[in-house]
Amino acid sequence: MSSVDELDDLLEAHIKKHEAGRIDSQAIAQLNGDRGAPAKDKMVKKPQAEAVGRFCGQRGLRLLALVFLWYAFSIGLSVFNKEMFGKKHGDLPAPLLFTSFQFLTQYYLASWTIFYCHHRYGTYQYPRLTMTELVKHVLPVSAWTALDIGLSNLALQSISLSLYTILKSPAPMYILLLCLCLGLEEPSCFLGFCTLLICSGVSLACSGAIIEYQWHGILLCMGASVASAFRWVSSQFAMSREDLGIDDPITLVYAVMPQMSVFLFVLSLIFERPWVTLPESPYFASGLSILVTLILVSVGSVLAFGLVNIEYKIVKEFSALTLSIAGQVKEAFTILCSVLIFGDPLSAANVIGLGVVMIGVLLYRKAKIEMKEDRDARSQSRRLQPSPEPSAPPLPSAAQKAAVAAATARSTRVKDKKPGPAFVVNMSREGSFE
């Protein structure tokens, strides 16, 4: 058994001990009816407190480890993409083509992971989708995810990593606007305030950037943010369907990556014309350089694959609010790394605008999580409410009572009447009279 499995078993044991101690304490309080047994309570609460303390300590260390890995994979992927695709850095030609290759690599990583986990632990299953399910639920996720990542890599060619991070920060605002248009969310004054706060922060953070960078890079990044909104809404619809078998990131990656790879490959053939740009690049000067280029692109695939799984792990074991708070800090670290590594210029107005954006996004996500918890609590309370008892039948009226009495009297007279001796009637099985 691995150390991760041992840690999971230890956490589960601590949870069981904590629940057992809590139940024992409640039972003692109910039996006593008062606080007349402090010694017993202390005996129950002392080991309970020790178990909870050990559990919280190990849970905190696990959270720190997951957040550290998330920062490493996310910031590493952002720096890697900027270094590979930036015009002033690696200047790798045909970003859409190599992003398509990364999608194909992630598909094989997901396939190997499902195969290994299914045969070793029995945890994953290959999704079996019909053509209707594929077109209706999987293709929208594939198209929007491919546009999101493809446009993001194209934008990194002409804008800095810090500006890219700032422009991608208000993605929840686009998700909110999309949900409002689709009728999935109810309008809220507080959410509207968060949206205005994010917009003002983006305007302040981008002050001076339009003169320094090219317009098309900023527009590509904004388009990627809009595509990201459609991506996550469609992904939520697909993962909420348990019958599809793609309710976790591994199976979702396995289901959507082939279509994403084909989609970006077609766009690359149309807009990038790789048969013209690749032979002129030093990345394809020899067989060895081609092999090194493919290995470098595969590194980005591994980083992206690990990033998705770590995000899901944090949300599953802790909460979405934890991921949101850690995400705001991660964006600040990403911009700091961009300034230190690439020398991106940042003014005081840019820093203040970034802070306003982060506060607005954090307030938005916190409000969304509280609204979801409130809806879940109301639905749970409705399910726990006892069903109303069936109402008693109405009392019979006087006319109905008289009719019942008359019918009872007639049936009594018929039973008391004796048949005459001259009449004997027999009925055979065939129904004839004799």
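Residues numbered from 1 in each chain as written. Predicted model: local features only at pLDDT ≥ 70, side-chain atom pairs only at ≥ 80, totals over all residues. Heavy atoms only, no water.

Visitor: Pulling in residues and values, what's your account of a nonpolar patch on the surface?
Guide: On the surface, Val262, Phe265, Val266, Leu269, Ile270, Phe271, Trp275 and Val276 cluster together into a nonpolar patch covering about 780 Å² of accessible area. Element by element, the count of residues in the nonpolar patch is highest for helix α10 (residues 249-271), at six residues. Of note, Phe265 is situated in helix α10. (Patch = residues over 30% accessible without salt bridge, like charges linked within 9 Å, V, L, I, M, F, W, Y side chains within 5 Å. Areas by Shrake-Rupley, 256 points an atom, 1.4 Å probe, with all protein chains shown as cover. Salt bridge = Lys/Arg side-chain N within 4 Å of Asp/Glu carboxyl O. Helix = DSSP H or I, 4+ residues; strand = E, 2+ residues; numbered from the N terminus.)

Visitor: Describe α10, listing the residues and the values that go with them.
Guide: Side chains three or four residues apart in an α-helix point the same way, a direct result of the helix having 3.6 residues per turn. Between its terminal C-alpha atoms α10 stretches 30 Å, which fits the 33 Å expected from 23 residues at 1.5 Å a residue. Its axis deflected by about 40° at Val256, α10 carries its strongest bend there, up to four residues before the proline Pro258. Looking at the residues trailing α10, positive phi occurs at Arg273, about 50°. (Expected span 1.5 Å × (residues − 1). Bend = angle between axes of the 7 residues up to and from the residue.)

Visitor: Any chance you could break down the nonpolar core for me, citing the residues and the numbers?
Guide: In terms of nonpolar packing, the biggest core is built from 47 residues, with Trp70, Leu92, Ile159, Leu167 and Ile314 touching the most fellow members. The element contributing the most residues to this core is helix α2 (residues 38-85), with 10 residues. Among the nonpolar cores identified, the runner-up in size contains 24 residues, and Leu154, Ile246, Met257 and Leu267 belong to it. (Core = buried A, V, L, I, M, F, W, Y, C linked by side-chain atoms within 4.5 Å. Buried < 20%, exposed > 50% of the residue type's maximum accessible area, 1.4 Å probe, protein only.)

Visitor: I'd like to hear about the pattern of salt bridges, residue by residue, with values.
Guide: Counted under the stated rule, the structure contains two salt bridges. Here Lys168 and Asp148 are joined by a salt bridge, their closest N and O atoms 2.8 Å apart. Of this pair, Lys168 sits in helix α5 (residues 161-168) while Asp148 sits in helix α4 (residues 131-155), and the two are 20 residues apart along the sequence. The exposure classification of Lys168 matches that of Asp148, with both residues buried. Two residues, Arg231 and Asp148, come together in a salt bridge whose shortest N-O distance is 2.8 Å. Separated by 83 residues along the polypeptide, Arg231 in helix α9 (residues 215-240) and Asp148 in helix α4 bring together distant segments of the chain. Accessibility assignment for this pair places Arg231 and Asp148 in one class, buried.

Visitor: Describe the packing of aromatic side chains, with residues and values.
Guide: Geometrically, a pair of aromatic rings is defined through the distance of the ring centres and the angle of the planes. For the structure shown, the criterion picks out 10 aromatic pairs. A centroid spacing of 5.1 Å and a plane angle of 20° characterise the contact between Tyr107 and Tyr254, whose relative ring orientation is stacked. Separated by 147 residues along the polypeptide, Tyr107 in helix α3 (residues 95-120) and Tyr254 in helix α10 bring together distant segments of the chain. An aromatic cluster of three or more residues is present, and its members are Tyr107, Tyr108, Trp112, Tyr126 and Tyr254. Its guanidinium or amino end placed over the ring of Trp70, Lys330 lies 5.5 Å from that ring's centre, counting from NZ or CZ. (Phe/Tyr/Trp six-rings, centres within 6.5 Å; stacked < 30°, edge-to-face > 60°. Lys NZ or Arg CZ within 6 Å of the ring centre and 35° of its normal.)

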